[in-house]
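What the coordinates show
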Amino acid sequence: MGLSLLFTWTTLIGPYSAFAERAEVFTPGELDLLLNDLPRPGIPPELGMVEEYYEPSKTSSQPLIIHISDAHAHREAQEKIRDLLRHLLGSAGRSSPTLIATEGGFGPLHPEYLDIFSDFPAVNQAMVEDLSSKGELTGAELFAWDIYGGNSPIRDPSLLSSTPSTTRTQDDVTFFGVEAPRLYRENLKTYRTLLFKQEEVESVLAPIRAQLEREQSRIFSPPLARFFREKSRRKDGHYGKALSSPQFGAYLTFLTKEAKRVLKIDLWDAFEQVRFPHLVRILALERLQKEFDGGKAKKEKKDFLQQIKKRAKSKEEKELLSALENLEKAMRPREIAEAAWRLGEYHQIYLSDRPHYLKSLGRTILEREIDVQGLMEEMQKLETGLIEKLITRPQERELIRLQDDFSLLAKLLNLNLSREEYGKVLAGRVRLERFGLQPFISLALRFYRDAGRRDQTLLNNALKAAEDHSASRIILITGGFHASGLKQLMAEKGIGYAEIRPRLGGRDPDDLYSKVLRDENADLDPGQRVRVAER
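Residues numbered from 1 in each chain as written. Predicted model: local features only at pLDDT ≥ 70, side-chain atom pairs only at ≥ 80, totals over all residues. Heavy atoms only, no water.

So, on to the packing of helix α13 (residues 294–311) against helix α15 (residues 333–347). Packing of α13 against α15 leaves a shortest axis separation of 11 Å and a crossing angle of 60 degrees. In terms of axis orientation, α13 runs oblique to α15. As α13 packs across α15, the resulting crossing turns out to be left-handed. On the side of α13, the interface is formed by Phe304, Ile308 and Arg311, while α15 contributes Ala340, Leu343, Gly344 and His347. Class assignment for the residues of the contact of α13 with α15 results in four nonpolar, two polar and one charged. (Axes fitted to C-alpha atoms, helices over the stretch in contact; angles between N-to-C directions. Helix = DSSP H or I, 4+ residues; strand = E, 2+ residues; numbered from the N terminus. Parallel < 35°, antiparallel > 145°, perpendicular 65-115°, else oblique. Left-handed = near helix turned anticlockwise from the far one by under 90°. Contact = heavy atoms within 4.5 Å. Nonpolar A, V, L, I, M, F, W, Y, C, P; charged D, E, K, R; others polar.)

What follows is the structure, encoded as structure tokens:
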């Protein structure tokens, strides 16, 4: 049984006898192999995950494309993308010139445009951080700014001005926007048109939503009505006419109890992490918060580090302890904690004798491993199972279909569809139009149609820019809606690609992106708004 899985069960969920026993002492050679293997190559799990990899059967003359799915104006997403770029570029050799191709602009990115207060770097950095917090800067722009400002370990100042139309780093990186300006502006205009009509749209949707809720109380059995009422209020934030922030903690408590009562699925059972890894981690975090004492954890940490530093001699051991001391900021915290466990076993200084510190390590690991998208998918899986189990009459099923159509319509008009959901809208447009709102539906479908047309443009322009700048690798950053279309196009062209999704631990502020597109967000005079690339 793998150490990683055992570490979760024992430290975070409960005792496991085999892991609780003292491990055998490692030989110096075995310990060196362990420490030299940390960190392992690949994407650090707290930054993101490779969701798909395609290698063409025939050798291709086209560059490899690494596609990163973006969540627009989501600060955590942009910071993760910046860190992914640091990781990807930090692991690349100088023989791999790279194009960082971005959505939303055309031509070179200019981080120097952000250097407004060059004589006051602290003020300038505060301005950049403020813009970032308001969703005004992308991960690529943050990375370009880091290089420009000397905050990147791969910076080479001699290359920053080597070519007027590019910004380069030591690894020969070019930042370039790959939109077709006219098509992008038309698509953006449609988005903004619908954005400014949201109040009108909601004024039509709200009474339909209220009527569906009244139908629930009339048609649904009490358990089914209770489930949908809790889901609507706690998860979606709908309280009558007003919209409120979702209460995920309360909803997860409810969902956990219902899953055990109705589906006989006990999310407190550690074995359920195979099917529901993120939900199990959320519950483990809840338990950890109650079980460990922060003051005792600090004392135990200090004692462990003091004791083991006295015996740590090699460079690898000292580097590991340095990473352990700052685990909250370290890459691959799980691997570092596991290596520290083994190092303690080797020196006979046992983490298991320091339960509060051990639980604090577990909390740090879990917080970094929970992924919002994965969590939402697991919740959806439980919800689907609960609904199927609670349905007792055909009328209930028919009303649920109607509610699903309404939810799809609301997502369409709020421009929150995934590519898969867009396909469902096209297939079921007639059903959606029975709610009315045909002009708004047509406008939203025009937006998604043009967004789909941009897939080809983004790919073609990225390939052309890579050729122009002699890049053998492309990192293409676009919104997640473009992912499936781009994958299909790349496969048709025989281009090797990897699909990376940043790991997000928090929900996107719902109105931040709309504020950015309305130019309501940046606290700057309109004549001096900062744009790193022409958007």
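Right, picking up where we left off after that structure.
Before going further, it helps to examine α15. With 15 residues, α15 should reach 21 Å at 1.5 Å per residue; the first-to-last C-alpha distance of 21 Å fits that figure. Counting buried positions over the 15 residues of α15 gives 13, a clear majority of the element. One or two residues past the end of α15 sits Gln348, with phi positive at roughly 60 degrees. (Expected span 1.5 Å × (residues − 1). Buried < 20%, exposed > 50% of the residue type's maximum accessible area, 1.4 Å probe, protein only.)

A word on the sheet that holds strand β5 (residues 173–178). The strand order across the open sheet formed by seven strands is β1-β9-β2-β8-β3-β5-β4, and the pairing between neighbours is mixed. On the outer flanks of this sheet lie β1 (48–54) and β4 (106–108), each paired with one strand and no other. Pairwise comparison of adjacent strand axes, ignoring direction, gives a mean angle of 20 degrees for this sheet. Taken strand by strand, helix α22 (residues 483–492) contacts β1, β2 (64–70), β8 (473–479) and β9 (497–502), and its axis lies near 165 degrees from that of β9. (Pairing = 2+ DSSP bridges.)

A few words on the pairing of strand β3 (residues 98–102). The buried fraction of β3 is high, at five of five residues. Here β3 shows a buried face lined by Thr98, Ile100 and Thr102 and a second buried face lined by Leu99 and Ala101. Pairing of β3 with β5 involves five bridges; the strand directions are parallel. Across the sheet, Ala101 pairs through a bridge with Phe176, a residue of β5. Where β3 and β8 come together, five bridges link them in parallel fashion. What sits directly across from Thr98, in β8, is Arg473.

Don't take any of this as a statement about function, it's just geometry.
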